[in-house]
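# Inside the fold
As a plain string of letters, each chain reads:
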Amino acid sequence: EFVLHIVSEDLVKPMNQTSAEYPHGMDEFEFAGLVATRSVRVAPPRVADARIAFECRVEQIVPVGGSTGGAVVIGRVLLAHVADEVWDNGYIVLDALKPVARLAGSGYARVTDTFDLPRPVYEPVE
């Protein structure tokens, strides 16, 4: 089981702090200044201030990249937590969420530069 969080800009520094290799038993939440809250469907706690969190059950772990690689963890979402301020009529409001994406090395990207592109409608030629 695990909890997947969508990290907003205001949580980037504490999120990064949790990526250190801590000794076994050290509380990463406490060390990073994050508040843990109980999950509903899974045992691991979730970040109380995260605007979006998915409680998940591991379905499959796929090793990638050989001895220098890692693994892709495939999970089934059991419950989604979405803060009211980032939800509007069935859609996530990116300007309110201000999500960040992990890149390579120490790189991150802001995910708010978006545009709309309507889907085409197929019309058969007669």
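See the structure printed just above.
Residues numbered from 1 in each chain as written. Predicted model: local features only at pLDDT ≥ 70, side-chain atom pairs only at ≥ 80, totals over all residues. Heavy atoms only, no water.

## Points about the overall build of the protein
Within the protein one finds three helices and nine strands. Counting from the amino terminus, helix and strand elements in the protein follow one another as β-α-α-β-β-β-β-β-β-α-β-β. Whereas a compact globule of 126 residues would reach a radius of gyration of roughly 14 Å, the protein reaches 18 Å, over 25% beyond that. Along the first, second and third principal axes, the C-alpha atoms of the protein reach 70 × 40 × 30 Å. When the 126 residues of the protein are sorted by exposure, 19% land in the buried category. A sequence separation of at least 24 residues applies to 46% of the contacts in the protein between residues at least 6 apart. (Helix = DSSP H or I, 4+ residues; strand = E, 2+ residues; numbered from the N terminus. Rg over C-alpha atoms; globule rule 2.2 N^0.38 Å. Buried < 20%, exposed > 50% of the residue type's maximum accessible area, 1.4 Å probe, protein only. Contact = heavy atoms within 4.5 Å.)

## Brief notes about the nonpolar core
If you look at soluble globular proteins, the nonpolar side chains tend to sit buried side by side. By size, the foremost hydrophobic cluster in this structure holds seven residues: V7, L11, A32, L34, V47, A50 and V100. Discounting residues that sit within four places of it in the chain, A32 has contacts with P14, Q17 and T18. (Core = buried A, V, L, I, M, F, W, Y, C linked by side-chain atoms within 4.5 Å.)

## A few points about the packing of aromatic side chains
Two aromatic rings are characterised by how far apart their centres lie and by the angle between their planes. Using the criterion set out here, one finds one aromatic pair in the structure. Here Y22 and F31 contribute two aromatic rings whose centre-to-centre distance is 5.0 Å and whose plane-to-plane angle is 65°, an arrangement assigned as edge-to-face. Here F31 falls in the partly exposed class, since its relative accessible area comes to 46%. (Phe/Tyr/Trp six-rings, centres within 6.5 Å; stacked < 30°, edge-to-face > 60°.)

## Brief notes about the sheet that holds strand 1 (residues 2–6)
Pairing is antiparallel in the open sheet, where three strands are placed in the order 1-4-5. Each of the sheet's edge strands pairs with one partner strand only, and the pair in question is strand 1 and strand 5 (70–82). Strand-to-strand twist across the sheet, computed as the mean angle between neighbouring axes with direction ignored, equals 45°. Two elements, strand 1 and strand 4 (residues 52–64), share five bridges in a ladder whose sense is antiparallel. (Pairing = 2+ DSSP bridges. Axes fitted to C-alpha atoms, helices over the stretch in contact; angles between N-to-C directions.)

## Things to note about the side chain of S39
Checked against the element boundaries, S39 lands in the loop between strand 2 (36–37) and strand 3 (46–47). Setting aside residues up to four positions removed in sequence, S39 forms contacts with V3, P44, P45, R46 and E55.

## A few points about the pattern of salt bridges
Across all of its chains, the model carries five salt bridges by this definition. Residues R51 and E85 are paired through a salt bridge, measuring 3.8 Å at the closest nitrogen-oxygen approach. On the criterion of sequence distance, the pair formed by R51 in the loop between strand 3 and strand 4 and E85 in the loop between strand 5 and strand 6 (87–88) is long-range, its members being 34 residues apart. Salt-bridge contacts for E59 lead to R76; the nearest nitrogen and oxygen are separated by 3.2 Å. (Salt bridge = Lys/Arg side-chain N within 4 Å of Asp/Glu carboxyl O.)

## A few points about the environment of K13
Of note, K13 is situated in helix 1 (residues 12–17). For the pair K13 and V40, spaced 27 residues apart in the sequence, the C-alpha separation amounts to 26 Å.

## Digging into the pairing of strand 5
On a regular strand, each side chain points to the face opposite its neighbour's, so the side chains alternate between the two faces of the sheet. Strand direction decides the pairing type here: strand 4 and strand 5, joined by 12 bridges, are antiparallel. The partner of I61 across the bridge, within strand 5, is V73. Counted between consecutive antiparallel strands, the loop separating strand 4 from strand 5 contains five residues, among which G65 sits at a positive phi close to 80°.

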